[in-house]
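Descriptive structure summary
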Amino acid sequence: MDVDYCQFKPEIIQIERKNSLGNKKQNIKMQISSEFWLNKVVSSLEKAKVILGIKFECNEYKLEDLIVDSENYGRNYKECIGSQFQPCIGADGNVYVCTNHRGHKKYSYGSIIEKNFSKIWNDIESRKKIMNIINKKEKFSNCTQLCKPHESNKILWSIKKNVKDKDYLAKLKLKSKDLSKNLKHINFI
């Protein structure tokens, strides 16, 4: 079988899940350790690279954050800005901050069963209140090591910090043009 495109997305265990790896203690919050990624996943990726040859492509940047910065996981940002571009609608109809907080009502902006999405999304005060809990009160303590908006957060935080720096913005525009020339799959960046 000849495959043009395949995407492998390993699950990063949500920190909210308890006893997910068969621990005897019921209330331990846990995630897969960085050592697992380094020792198991990276070696599997190397094998896949040998098998697939030039067809192999891997965005390893997330693995680097796990392995290189095992304390903060590359989180140099102070706000989860990316979640405001990537909400998640759960099977229960609730609009959640992100996929990792799906199913936890305290991270829900509202339900599309009760209101339409536009009304929920345009309720800026409700969104700010929930994001304040994540950003200021919890300081990402209930977030997974590598959340879906992680890469967006790194970029958006950098832009926010440098928004008045004309050189930074000019370099960002050039980088954007260069990137658009090199996209192999327009729907997969």
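Just above sits the structure.
First, a word on what this report is: a plain description of the structure on this page. (Residues numbered from 1 in each chain as written. Predicted model: local features only at pLDDT ≥ 70, side-chain atom pairs only at ≥ 80, totals over all residues. Heavy atoms only, no water.)

Focus: the overall build of the protein
Helix and strand content of the protein: six helices and three strands. Helices and strands appear in the protein in the N-to-C order α-α-β-β-β-α-α-α-α. Taken across its 189 residues, the protein has 32% of its residues classed as buried. Only carbon and sulfur atoms are counted for the fraction: they give 55% of the accessible area of the protein, which is about 13,300 Å². (Helix = DSSP H or I, 4+ residues; strand = E, 2+ residues; numbered from the N terminus. Buried < 20%, exposed > 50% of the residue type's maximum accessible area, 1.4 Å probe, protein only. Areas by Shrake-Rupley, 256 points an atom, 1.4 Å probe, with all protein chains shown as cover.)

Here's the deal with unusual backbone geometry
The backbone of Tyr-73 sits at a positive phi, close to 55°, despite the residue not being glycine. One can find Tyr-73 in the loop between helix H2 (61–68) and strand E1 (88–89). The phi dihedral of Lys-139 is positive, around 50°, even though this residue is not glycine. Relative to the elements of secondary structure, Lys-139 occurs in the loop between helix H4 (124–138) and helix H5 (150–162).

Overview of a nonpolar patch on the surface
Taken together, the side chains of Ile-89, Ile-112, Ile-113 and Phe-117 make up a nonpolar region of the molecular surface, amounting to roughly 370 Å² of accessible area. Structurally, Ile-113 is set in the loop between strand E3 (108–111) and helix H3 (117–121). (Patch = residues over 30% accessible without salt bridge, like charges linked within 9 Å, V, L, I, M, F, W, Y side chains within 5 Å. Salt bridge = Lys/Arg side-chain N within 4 Å of Asp/Glu carboxyl O.)

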